[in-house]
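Commentary on secondary and tertiary structure
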Amino acid sequence: MDTWIVQAKKLMRDQGITQKDIASAMGKSTRGAVGHYFTGRSQPTLNQLKSLAKYLGTTLAELVDPEGVNSNPFNIDTLESFSPVEFNTLKSISPIDGRYSKKTSDLSSIFSEFGLIKYRVLVEVRWLQAMSRNPEITEVPTLYDSGANTLLDSITANFSVADALHVKKFENTTNHDVKAVEYFLKEKISINHTLVNIREFIHFACTSEDINNLSHALMLKDGRDILLTQMRDVTELISSLSRENALIPMLSRTHGQTASPTTLGKEMANYTDRLKRQIKLFDEVKIMGKFNGAVGNFNAHLSAYPDLNWENITKTFVESLGINYATYTTQIEPHDYIAEYFHALNRFNTILIDFCRDIWGYVSLGYFKQRTIEGEIGSSTMPHKVNPIDFENAEGNLGIANAIGDHLASKLPISRWQRDLSDSTVLRNLGVSCAHSLISYASICKGISKLETNEEQMLSDLNNAWEVLAEPIQTVMRRYGVDNPYEKLKSLTRGQKIDAEILADFVGSLDIPFHAKEELSQLTPMNYIGDAIKLARNIDN
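Residues numbered from 1 in each chain as written. Predicted model: local features only at pLDDT ≥ 70, side-chain atom pairs only at ≥ 80, totals over all residues. Heavy atoms only, no water.

**As for the overall build of the protein**
Spelled out, the test is: Only DSSP runs of H or I covering at least 4 residues are called helices, and only runs of E covering at least 2 are called strands; the numbering of each starts at the N terminus. As a reference, a globule follows 2.2 Å times the number of residues to the power 0.38, and the radius of gyration itself is taken over C-alpha atoms. Only protein chains enter the accessibility calculation, which uses a 1.4 Å probe; a residue whose area is less than 20% of its type maximum is buried, one above 50% is exposed, and one in between is partly exposed. For accessible areas, the Shrake-Rupley method is used with a probe of radius 1.4 Å. Any residue's cover is judged against the shown protein chains and nothing else. Charged residues are defined narrowly, with Lys and Arg counted positive, Asp and Glu counted negative, and His plus the chain ends left uncounted. The atom standing in for a charge is NZ when the residue is Lys, CZ when it is Arg, CG when it is Asp and CD when it is Glu.
Within the protein, the secondary structure is distributed over 25 helices and six strands. Since a compact globule built from 541 residues should have a radius of gyration of about 24 Å, the 32 Å found for the protein marks it as more spread out than a globular shape. Its C-alpha atoms put the protein at 100 × 75 × 40 Å along the principal axes. Looking at the protein as a whole, 49% of its 541 residues qualify as buried. Summed over its atoms, the accessible surface of the protein is roughly 26,900 Å², and 50% of this surface lies on carbon and sulfur atoms. For the protein, the distance from the average site of its 56 positive side-chain charges to the average site of its 66 negative ones is 5 Å.

**Observations concerning empty space enclosed by the protein**
Worth spelling out the cut-off: We place a 1 Å grid over just the protein atoms. Points where a 1.4 Å probe fits but has no way out form a cavity, open points with protein on both sides within 12 Å along at least 5 of 7 lines form a pocket, and any residue with an atom within 4 Å of a point lines it. Grid points are joined across faces, edges and corners, and a volume is the space filled by probe spheres set on the points.
A complete count under the given rule lists two cavities of 30 Å³ or more for this structure. Volume-wise, the second largest cavity comes out at about 30 Å³. Taken together, Asn213, His216, Met288, Glu333, His335, Tyr337, Ile338 and Leu427 make up the lining of the second largest cavity. Those elements giving two or more residues to the lining of the second largest cavity turn out to be helix H12 (208-244) and helix H16 (336-365).

**As for unusual backbone geometry**
Even without a glycine there, the phi angle at phenylalanine 298 is positive, about 60 degrees. Topologically, phenylalanine 298 is positioned in the loop between strand E3 (288-289) and helix H14 (299-304). Given the relative accessible area of 11%, phenylalanine 298 is considered buried. The phi torsion at histidine 335 lies on the positive side, around 70 degrees, for a residue other than glycine. Structurally, the position occupied by histidine 335 is in the loop between strand E4 (324-325) and H16. For histidine 335, a relative accessible area of 2% gives the class buried.

**Here's the deal with the layout of surface pockets**
Convention followed: In this count, Pro and Cys sit with the nonpolar residues alongside Ala, Val, Leu, Ile, Met, Phe, Trp and Tyr, while Asp, Glu, Lys and Arg are called charged and the others, Gly among them, polar.
Volume-wise, the second largest pocket comes out at about 470 Å³. Across the lining of the second largest pocket, the residue classes tally to five nonpolar, seven polar and four charged.

**A few points about the packing of aromatic side chains**
Heads up, the rule is: Think of it this way: a Phe, Tyr or Trp ring, Trp meaning its six-membered ring, pairs with another when their centres are within 6.5 Å, and the plane angle makes it stacked under 30 degrees, edge-to-face over 60, tilted otherwise. Throughout this description, the term charge over a ring refers to an Arg CZ or Lys NZ atom that lies within 6 Å of the ring centre and within 35 degrees of the ring normal.
Counted according to the given criterion, the structure contains 18 aromatic pairs. Clustering of aromatic rings is evident, with ring pairs tying together Trp127, Phe201, Phe204, Phe291, Tyr305, Trp310 and Phe317. Across from the ring centre of tyrosine 119, 4.7 Å away, lies the NZ or CZ of lysine 118, which sits over that ring.

**Some words on the pairing of strand E1 (residues 249-254)**
Basically, it comes down to this: When DSSP finds at least two bridges between two strands, those strands are taken to pair.
When E1 meets strand E2 (residues 257-263), the two strands line up antiparallel, connected through five bridges. Pairing of threonine 254 across the sheet is with glutamine 257, part of E2.

**Observations regarding the environment of valine 426**
How we decide: By definition, residues are in contact when any of their heavy atoms lie within 4.5 Å.
In this fold, valine 426 is placed in helix H18 (residues 422-427). Owing to a relative accessible area of 10%, valine 426 belongs among the buried residues under this scheme. Spatially, the C-alpha atom of valine 426 lies 7.6 Å from that of leucine 412, the residues being 14 residues apart in sequence. Aside from chain neighbours lying at most four places away, what touches valine 426 is His407, Leu408, Lys411 and Leu412.

**As for the packing of helix H21 (residues 470-479) against helix H22 (residues 485-493)**
For the record, the criterion: Axes here refer to lines fitted to C-alpha atoms; in helices the fit is confined to the stretch in contact. Angles between the N-to-C directions go from 0 to 180 degrees. An angle below 35 degrees is read as roughly parallel, one above 145 as roughly antiparallel, one from 65 to 115 as roughly perpendicular, and any other as oblique. In this scheme the handedness of a crossing depends on how the near helix is turned from the far one: anticlockwise by less than a right angle means left-handed, clockwise means right-handed.
Look at H21 against H22: their axes get within 8 Å of each other, and the N-to-C directions meet at 150 degrees. The pairing of H21 with H22 is recorded here as roughly antiparallel in orientation. Read as a crossing pair, H21 and H22 show a hand that is right-handed. Within the contact between the two elements, H21 uses Ala470, Ile473, Gln474, Met477 and Arg478 and H22 uses Pro485, Tyr486, Lys488, Leu489 and Thr493.

**Focus: helix H3 (residues 46-55)**
Heads up, the condition is: Directions pointing from the helix axis toward each C-beta atom define the arc.
For H3, the complete set of buried residues consists of Leu46, Gln48, Leu49, Leu52 and Ala53. Buried residues of H3, viewed axially, fall in a sector of 155 degrees; they line one side. Just past H3, the residue glycine 57 takes up positive phi, approximately 75 degrees.

**Topic: the pattern of salt bridges**
Keep this limit in mind: Take a side-chain nitrogen of Lys or Arg and a carboxyl oxygen of Asp or Glu: if they are within 4 Å of each other, that pair is a salt bridge.
Counting across every chain of the model gives 28 salt bridges. A salt bridge links aspartate 153 to arginine 126; the nearest nitrogen and oxygen atoms lie 3.3 Å apart. Remark: arginine 126 occurs in helix H7 (residues 113-132) and aspartate 153 occurs in helix H8 (residues 147-157); sequence separation between them is 27 residues. Taking the shortest distance from any N to any O, the salt bridge between arginine 274 and aspartate 354 comes out at 3.0 Å. Here arginine 274 is found in helix H13 (residues 264-283), whereas its partner aspartate 354 is found in helix H16, with 80 residues between them in sequence.

**A short note on the nonpolar core**
Among soluble globular proteins, nonpolar side chains are generally buried collectively. To keep it simple, the criterion reads: Residue types Ala, Val, Leu, Ile, Met, Phe, Trp, Tyr and Cys, when buried and joined through side-chain atoms within 4.5 Å, form a set referred to as a nonpolar core.
If you look at the biggest cluster of nonpolar residues, it comprises 115 residues, and the most contacted ones within it are Trp127, Phe355, Tyr441 and Ile444. Dropping the residues within four chain positions of it, tryptophan 127 is found in contact with Phe204, Cys206, Phe291, Trp310, Ile313, Thr314 and Phe317. With 19 residues, the next largest nonpolar core counts Ile22, Val34, Tyr37 and Leu49 among its residues.

**Description of the environment of lysine 168**
Structurally, lysine 168 is set in helix H9 (residues 161-174). Measuring from C-alpha to C-alpha, the distance between lysine 168 and alanine 180 comes to 7.2 Å, with twelve residues separating the pair along the chain. When near neighbours in sequence (up to four residues on either side) are disregarded, lysine 168 contacts Glu113 and Ile117.

**Comments concerning the confidence of the model for the protein**
We apply this condition: What pLDDT expresses is the predictor's confidence in each residue, scored from 0 to 100.
Overall, the prediction assigns the protein a mean pLDDT of 91, with 93% of residues at 70 or greater. Note that pLDDT drops below 50 for residues 71-86; the model gives that stretch 34 contacts with residues more than four away or on any other chain.

**Some thoughts on the side chain of histidine 301**
By the element assignment, histidine 301 lies in helix H14. Overall, the relative accessible area of 1% leaves histidine 301 in the buried class.

**Brief notes about the state of the cysteines**
Condition: Two cysteine sulfur atoms make up a disulfide if the distance between them is within 2.5 Å.
On inspection of all chains with the given rule, the structure shows zero disulfides. Cysteine 434 takes part in no disulfide bond, and the closest cysteine sulfur, belonging to cysteine 445, lies 17 Å away. Judged by relative accessible area, cysteine 434 falls into the buried class, the value being 0%. Not part of a disulfide, cysteine 445 finds its nearest cysteine sulfur in cysteine 356, a span of 10 Å.

Listed below in structure tokens is the structure:
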């Protein structure tokens, strides 16, 4: 019989509650319908069990696993499959876990409370295994090729939400999250005699921050892999805009006024080049970790094993996790690398804000049309509207991401004396900046997919801006020694409506070689684009 049935019957018996009484709590109208769940003919959903637990005055965890012994009472393996059913996103305070949860699900098992506990367990287990490989720590036997090592590996590989809930039960008693992990592991290994004999080497010589800082480092490392994938996807889409529009001339605007023409593709290439550089810098940020005890001096380590080279031992361990070793620290890793991490991410995001605003402007000018989607509504009162909402959404989320990233970067490197706790609550928000970044990247990708180049509008604007040819004409005049070329063109064009005929007459009157006049006469706002085509096409080289 399922555990929840046994527990529910016990609680109902103690409280004098019948199956008919709980029918409404389980979304049923009759006792018979509820009875199907208690006989096993039907299986309740997690929402039904949660509602039942609330009705019976207990928690979902206590209802389905009161002893905390089942490693996976819900028959689920990941937080992603657990959360949408167990947690109603409509009640989420943050849109990260509510409205935008589908866009951030890749980060949920990394930056969540579950993720933090998972990484803590991993660090504790890997440290015990590392000590077992050290022949100078004779009290910890070699565990490789043994059932003990297999058990340790299985604890990390199969760590589940149910396991995390069990850790939280320990924390309810200890009021200490890292100590709860230690007690959880001691319970987990209690079935293996070898590990029981070395159970006090779990968390050996560690301060909590030794475990936490490596956990945060692993979170940022794994989170970066996901971010980089999306950052490269966004950049590639913008690069595609560059290639596809390399030949399409476009009127530039400086200070909001008409300026020398370019191509749409070249303007997209500008962003591609900038973004690629920031991706490289973000990828190159060295993620750091310390493992040197309460104040960074190996005090406890040396008191137990004074003859061991603990710096080498811990350096090897930290680097085995794919993390760079920090030699000089207080109780905490200084977090300078976290500042570097979010500064680099913020620079990438800032470029995207620039991109979103420019695309918004180009949509407003009519240079881009937006594909309509059946059923979508742009305005509740103006039926004609097709708004650039994806780029607006991205701009807003990028702003939030950068604001949080700025705080992480400016606050975390500062800690009073050898350590204060003000960083702890801030570190719990590492994933917030990353999640808002991820939301924005998805919005930008969606927005780009709906763009259609409106070459006709761009050509129309160019054809109404012949004054932009004042620049090449005065430049050629300078070459051939004409006096006051800039001033003459200024007098002709500034604030005036200029067309092809006016410019042709002016060029014809110039005292310059005939071939120069011929070359100037071939210029139009549509072909005066310099090397824009080449630059756009070379962006991937």
